[in-house]
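# Structural description and commentary
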Amino acid sequence: MSEYRIRLLREEDWDAVVALEERAYAASGLSEGREALQSRHRASPDTCFALEHPGGLGGYLLALPYPLFRCPDLSRSEDADGDGTGGRPANMHAHDLVIAEQLRGRGLAPRMMRHLDDTALAVGHRTVSLVAVLGAQAVWARLGYRARPEIGLPASYGADAVYMAKPLEPEVTDPTPESSPRAEVG
């Protein structure tokens, strides 16, 4: 059994989540604060996860359904802003993923993203999107995300942020007409 376990985020996790988020983003001005983070969780509690390890909370992932080529504004809570679609989009947006400093380099971020992919596929999402910040574009590209620099982002992400997305369907190996089409991300 692994010493790491991914589970749904719980109310008692918030102090640790906020501390991890502040350490990861405060220096760059990208920290959202507790209320905005909790609003993402309220919007989709079944797609927000905690990474447990023997030392406590080792990371978290906040994700929510959001229209493809759109993303939450870091300066607003989800309750106040919403996605404005009134329906359930076919895209899952990986809003925030942080792994504790001492646990980085162990493949835990890709593991959490695979967990999100599986969860999103199980409920019918066709794509996963994210916004790469702090120079992480190359990391996400290795996991199959395609940069979409033409997609405008809220100013709260800063000038160097890049919208990225990937299809969730398995790769089509038989290009016959009976094969299902892949989701379009660009």
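A brief structural summary. (Residues numbered from 1 in each chain as written. Predicted model: local features only at pLDDT ≥ 70, side-chain atom pairs only at ≥ 80, totals over all residues. Heavy atoms only, no water.)

## Details of the layout of surface pockets
Which entries qualify depends on this criterion: Of the grid points, spaced at 1 Å and generated over the protein atoms alone, those admitting a 1.4 Å probe that cannot get out make up cavities, while open sets with protein on both sides within 12 Å along at least five of seven lines make up pockets; any residue with an atom within 4 Å of a point is treated as lining. Grid points are joined across faces, edges and corners, and a volume is the space filled by probe spheres set on the points. For the purposes of this entry, the term helix denotes a DSSP run of H or I that reaches at least four residues, the term strand denotes a run of E that reaches at least two, and both are numbered from the N terminus. Throughout this entry, Asp, Glu, Lys and Arg are counted as charged residues, while Ala, Val, Leu, Ile, Met, Phe, Trp, Tyr, Cys and Pro are counted as nonpolar. The remaining residues, Gly among them, count as polar.
Of the volumes computed, that of the largest pocket is approximately 690 Å³. As for the largest pocket, its lining consists of 31 residues, of which Y25, L97, V98, A136 and W140 are closest to the centre. Mapped by element, the contributors of at least two residues to the lining of the largest pocket are helix 1 (14-25), strand 4 (91-99), helix 4 (108-122), strand 5 (127-132) and helix 5 (137-142). Element by element, the count of residues in the lining of the largest pocket is highest for strand 4, at seven residues. Tallied by class, the residues present in the lining of the largest pocket amount to 22 nonpolar, four polar and five charged.

## Observations concerning the pattern of salt bridges
What counts is decided by this rule: Put simply, a salt bridge is a Lys or Arg side-chain nitrogen that is within 4 Å of an Asp or Glu carboxyl oxygen. In this scheme, a residue with accessible area under 20% of its type's maximum is buried, one over 50% is exposed, and one in between is partly exposed, where area comes from a 1.4 Å probe on protein chains only.
Applying the stated rule across the entire model yields twelve salt bridges. Close ionic contact of E52 with R7 constitutes a salt bridge, the shortest N to O distance being 2.6 Å. Remark: R7 occurs in strand 1 (residues 5-8) and E52 occurs in strand 2 (residues 48-53); sequence separation between them is 45 residues. Judged by its relative accessible area of 21%, E52 is partly exposed. Among the ionic pairs, E52 bridges to R10, the shortest N-O distance being 3.4 Å. In this pair, E52 sits in strand 2 while R10 sits in the loop between strand 1 and helix 1, placing the two residues 42 residues apart along the sequence. Through salt bridges with shared partners, one network takes in R5, R7, R10, E12, D13 and E52.

## Considerations on the pairing of strand 2
For clarity, the threshold we go by: For two strands to be treated as a pair, DSSP must find at least two bridges joining them.
Burial within strand 2 is extensive, with five of its six residues counted as buried. Of the pairings in the sheet, the one linking strand 1 to strand 2 comprises four bridges and is antiparallel in character. Looking at the pairing, I6 lines up with L51 of strand 2. In terms of strand pairing, strand 2 meets strand 3 (residues 56-65) through six bridges, oriented antiparallel. Bridged to L51 within strand 3 is G59.

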